[in-house]
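The lines below spell out each chain.
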Amino acid sequence: MNHALRRALANAKMTETQLAEACGVDVKTISRWIANPTRIPHARHRWAACEALGEEETALWPTAVSSALKTGPDREIVQVFPYRSAAPSSLWRSLITKAQKELTFAGYTNYFLWLEQANLAGALRRKALVGCRVRFLIGDPDSPVTRAREAEEGVPLTLSTRIAVTISELERLRPVGNIEGRFETGHVNLSVFRFDDEMIVTPILARRVGHDSPMLHLRRSQPDGMFDRFADHVEELWVRGRNIWEATEHGQA
């Protein structure tokens with residue numbers, strides 16, 4: 001029996017029928033998932049179940065993840081999603097919750113985080129108050145790089161508007177301390193989010209917005225591996241960046 005799945009259902013106060021509706025499968029399929037621990041649902045159904053239950057895939061179907069792992073230089077890759085929107089929001093919440101020392105959000109706007117993560121400000125405030133360093137690296141809304149990317153995306157909700165939302169949210173958190181923000185444009189085509197020794201990386205494709213781009217979930221396991229290379233990239237941009245508080249106070253953003 002898949003005891004982890006049964007416990008997750010109980011914790012979420014969901015019935016098998018309700019989970020079946022959330023995953024778009026027959027209720028008998030859910031019963032088979034529970035009865036047979038070696039039965040691995042299709043990826044899209046696993047992700048839907050994790051989203052509905054607020055659990056990570058590794059907790060419910062650990063063999064589905066372990067079977068996809070490599071033993072070579074790419075062993076730091078935990079999961080791969082063809083679209084960022086395909087990843088369960090519970091993954092993001094779990095990574096934020098587990099982080100103790102560092103949370104770095106180097107997305108060009110980070111807008112989706114405020115939209116998809118309930119009371120993100122409260123979670124970040126609690127982290128900062130217990131000593132976790134929280135950093136936001138966002139694009140300069142007045143930069144030619146931003147304007148060029150806006151023209152390429154061609155969507156009504158522009159980058160500069162999305163950036164303004166993040167600036168507004170960070171302004172409310174400013175009195176907390178230990179929460180920093182800087183402007184940089186070197187990551188307009190690459191978003192990197194760090195949670196201690198875990199990381200989410202999204203390479204932004206041409207004419208695509210972030211949620212429509214592929215996503216990697218990484219976990220550090222070696223020096224100078226994929227994790228460290230992306231971390232070094234973010235640190236370089238951070239050093240080059242401008243403090244958003246100083247920039248906004250001088251009317252530059």
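Residues numbered from 1 in each chain as written. Predicted model: local features only at pLDDT ≥ 70, side-chain atom pairs only at ≥ 80, totals over all residues. Heavy atoms only, no water.

Draft legend 1. Expanded view of the packing of aromatic side chains. Overall, the coordinates contain nine aromatic pairs when judged by the stated rule. Pairing W92 with F195 gives two aromatic rings, centres 6.3 Å apart and planes at 80°, and the pair type is edge-to-face. On the criterion of sequence distance, the pair formed by W92 in helix α7 (residues 89–98) and F195 in strand β5 (residues 190–195) is long-range, its members being 103 residues apart. Using a relative accessible area of 3% as the deciding quantity, one classes F195 as buried. With 5.8 Å between their ring centres and 85° between their planes, F112 and F193 make a pair best called edge-to-face. Within this pair, whereas F112 is found in helix α8 (residues 111–116), its partner F193 is found in strand β5, the two being separated by 81 residues in sequence. Accessibility expressed as a relative area gives 10% for F112, which makes it buried. (Phe/Tyr/Trp six-rings, centres within 6.5 Å; stacked < 30°, edge-to-face > 60°. Helix = DSSP H or I, 4+ residues; strand = E, 2+ residues; numbered from the N terminus. Buried < 20%, exposed > 50% of the residue type's maximum accessible area, 1.4 Å probe, protein only.)

Draft legend 2. Inspection of the nonpolar core at higher detail. L103, F105, L124 and F195 are the most contacted members of the largest nonpolar core, which has 36 residues in total. The leading source of residues in this core is helix α11 (residues 159–173), at five residues. Those residues within four positions of L103 in sequence are excluded, and the remaining contacts are I96, L124, K127, C132, R133, V134, R135, R194 and F195. Grouped together as the second largest cluster of nonpolar side chains are 17 residues, A8, W33, W61 and A64 included. (Core = buried A, V, L, I, M, F, W, Y, C linked by side-chain atoms within 4.5 Å. Contact = heavy atoms within 4.5 Å.)

Draft legend 3. Highlighting the sheet that holds strand β7 (residues 215–219). Pairing within the open sheet is mixed, and its eight strands lie in the order β1-β7-β6-β5-β2-β3-β4-β8. Sheet topology places β1 (77–81) and β8 (242–243) at the edges, where each strand pairs with a single neighbour. Two strands pair when backbone bridges link them, and strand β3 (residues 133–138) and strand β4 (residues 179–183) are joined in this way by five bridges, in the parallel orientation. Among the inter-strand pairings, V134 is bridged to a residue of β4, identified as I179. Running over the sheet, α11 touches β3 and β4 and is turned about 155° from β3. (Pairing = 2+ DSSP bridges. Axes fitted to C-alpha atoms, helices over the stretch in contact; angles between N-to-C directions.)

Draft legend 4. Seen up close, the state of the cysteines. Within this structure, the stated rule accounts for zero disulfides. C23 provides the cysteine sulfur closest to C50, a residue in no disulfide bond, and the two sulfurs are 8.7 Å apart. (Disulfide = S-S within 2.5 Å.)

Draft legend 5. Up close: the pattern of salt bridges. Evaluated as defined, the whole model comprises 19 salt bridges. Between E102 and R194 there is a salt bridge, and its shortest N-O distance comes to 3.8 Å. A residue pair is termed long-range when its members are at least 10 positions apart, and E102 in strand β2 (residues 102–106) and R194 in strand β5 qualify at 92 residues. For the pair formed by E102 and R194, the shared burial category is buried. In this structure, R194 engages D197 in a salt bridge whose closest nitrogen and oxygen atoms are separated by 3.9 Å. Taking relative accessible area as the criterion, D197 reaches 42% and is therefore assigned partly exposed. Where salt bridges share partners, they join E102, R135, R194, D197 and E235 into one cluster. (Salt bridge = Lys/Arg side-chain N within 4 Å of Asp/Glu carboxyl O.)

Draft legend 6. Structural view of the environment of L173. Examined against the element boundaries, L173 turns out to sit in helix α11. For L173, a relative accessible area of 0% gives the class buried. Along the chain, L173 and A121 lie 52 residues apart, while their C-alpha atoms are 7.2 Å from each other. If near-sequence neighbours (up to four positions away) are discounted, L173 is found in contact with W114, A121, L124, R125 and I179.

Draft legend 7. Representation of the pairing of β2. Counting buried positions along β2 yields five of five residues, so the element is predominantly enclosed. Here β2 shows no split at all, with E102, T104 and A106 on one side and L103 and F105 on the other all buried. Bridging between β2 and β3 involves four bridges; their strand directions are parallel. When the bridges of β3 are listed, L103 appears paired with V134. For β2 and β5, the ladder comprises four bridges, and the chain directions are antiparallel. Residue pairing for β5: T104 is matched across the bridge by R194.

Draft legend 8. Structural view of helix α3 (residues 27–35). For α3, every residue scored as buried is listed here: T29, I30, W33 and I34. On an axial view of α3, the arc spanned by its buried residues comes to 140°, and they lie on one face. Opposite the packed face of α3, turned more than 90 degrees from it, sit the exposed residues K28 and A35. Where α3 is buried, its residues contact α1 (3–12), α2 (16–23) and α4 (43–53). Measuring from the backbone nitrogen of K28 back to the side-chain oxygen at the start of α3 gives 2.7 Å, which picks out D26 as the cap. (Arc of directions from axis to C-beta. Polar contact = N/O pair within 3.5 Å; in protein donor to acceptor, adjacent residues only side chain to side chain.)

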